[in-house]
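# Structural overview for review
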Amino acid sequence: MTQSILSPDSGPNSVRWMGGKAGNLHHLSRNGIPVPPWFCISAEMCQRYMRTISDKLNKTLNDIDYSDQEAVDTASASIKQTICNIPLSPEDSSALQKAVSDLGAERYAVRSSALAEDSSKDSFAGQLDTYLYVTPDDVEAKTKECWASGFGPRSLTYM
């Protein structure tokens, strides 16, 4: 099992649990290039979370009529509601709160760094949401909204 939260101090093998943006930050940080303080929620943490809703998620995805934009929009809204309303496990929530507290900033940027994003197969350019000026208390909610953006209407159609 990997860590829920990855950082510049995470070993080189941790990059496989980061998307492109975080992986590049990790590479820069580990090579002495100054970057702002950061941490990354591991893909494994996201996968654990998605497993808790996988039955509902798979049913919704399998039932989409992609030729009907309204159906795609409705499915996307349903998925977002599901993702945003299910709590993180106590362990993952605690790890995220600790990472936020350890950075100690007043505001954060919550950005996507999906494993498939910017890959050789798919770019997902402009598909996933970013949230700026997020308060420490809102990081968890914005994280789930960022995950949900992977199932936004544009992303569903793109995939």
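Our structure is the block above this text.
No experiment lies behind these values; they were computed from the predicted model shown.

Of all hydrophobic cores here, the largest spans 27 residues; its most connected members are Tyr-49, Met-50, Ile-83, Leu-96, Val-139, Trp-147 and Phe-151. Mapped onto this core, the elements with two or more residues apiece are helix H2 (43–52), helix H4 (69–85), helix H5 (90–103), strand E3 (108–111), strand E4 (130–134) and helix H6 (139–148). Not counting the four nearest positions on each side in its chain, Val-139 is found in contact with Leu-96, Val-100, Tyr-108, Val-110 and Val-134. The next biggest cluster of nonpolar side chains, apart from the first, holds seven residues, and it includes Leu-6, Ala-22, Cys-40 and Ala-43.

Another aspect to go through is the environment of Tyr-108. By the secondary structure assignment, Tyr-108 is in strand E3. The buried category is assigned to Tyr-108, whose relative accessible area is 9%. Taking C-alpha positions, Tyr-108 is 21 Å from Ile-83, a pair spaced 25 residues apart along the chain. Not counting chain neighbours up to four residues away, the residues in contact with Tyr-108 comprise Val-100, Leu-103, Tyr-131, Leu-132, Tyr-133, Val-134, Pro-136 and Val-139. Among the polar contacts listed, one links the side chain of Tyr-108 to the backbone nitrogen of Gly-104, at a separation of 3.5 Å. At 2.9 Å, the side chain of Tyr-108 and the backbone nitrogen of Ala-105 are in polar contact.

We now examine the packing of aromatic side chains. Using the criterion set out here, one finds one aromatic pair in the structure. Residues Tyr-49 and Trp-147 carry aromatic rings whose centres are separated by 5.2 Å and whose planes lie at 40° to one another, so their mutual orientation is tilted. Highlighted residues: Tyr-49 in helix H2 and Trp-147 in helix H6, separated in sequence by 98 residues. For the pair formed by Tyr-49 and Trp-147, the shared burial category is buried.

It is worth spelling out H2 at this point. Counting buried positions along H2 gives seven out of 10 residues, so the element sits mostly inside the fold. Turning to H2, its buried residues are Ala-43, Glu-44, Met-45, Cys-46, Arg-48, Tyr-49 and Met-50. In this structure, the buried residues of H2 make contact with strand E1 (5–6), strand E2 (40–41), helix H3 (54–62), H4, H5 and H6.

About the cut-offs
- Residues numbered from 1 in each chain as written.
- Predicted model: local features only at pLDDT ≥ 70, side-chain atom pairs only at ≥ 80, totals over all residues.
- Heavy atoms only, no water.
- Core = buried A, V, L, I, M, F, W, Y, C linked by side-chain atoms within 4.5 Å.
- Buried < 20%, exposed > 50% of the residue type's maximum accessible area, 1.4 Å probe, protein only.
- Helix = DSSP H or I, 4+ residues; strand = E, 2+ residues; numbered from the N terminus.
- Contact = heavy atoms within 4.5 Å.
- Polar contact = N/O pair within 3.5 Å; in protein donor to acceptor, adjacent residues only side chain to side chain.
- Phe/Tyr/Trp six-rings, centres within 6.5 Å; stacked < 30°, edge-to-face > 60°.

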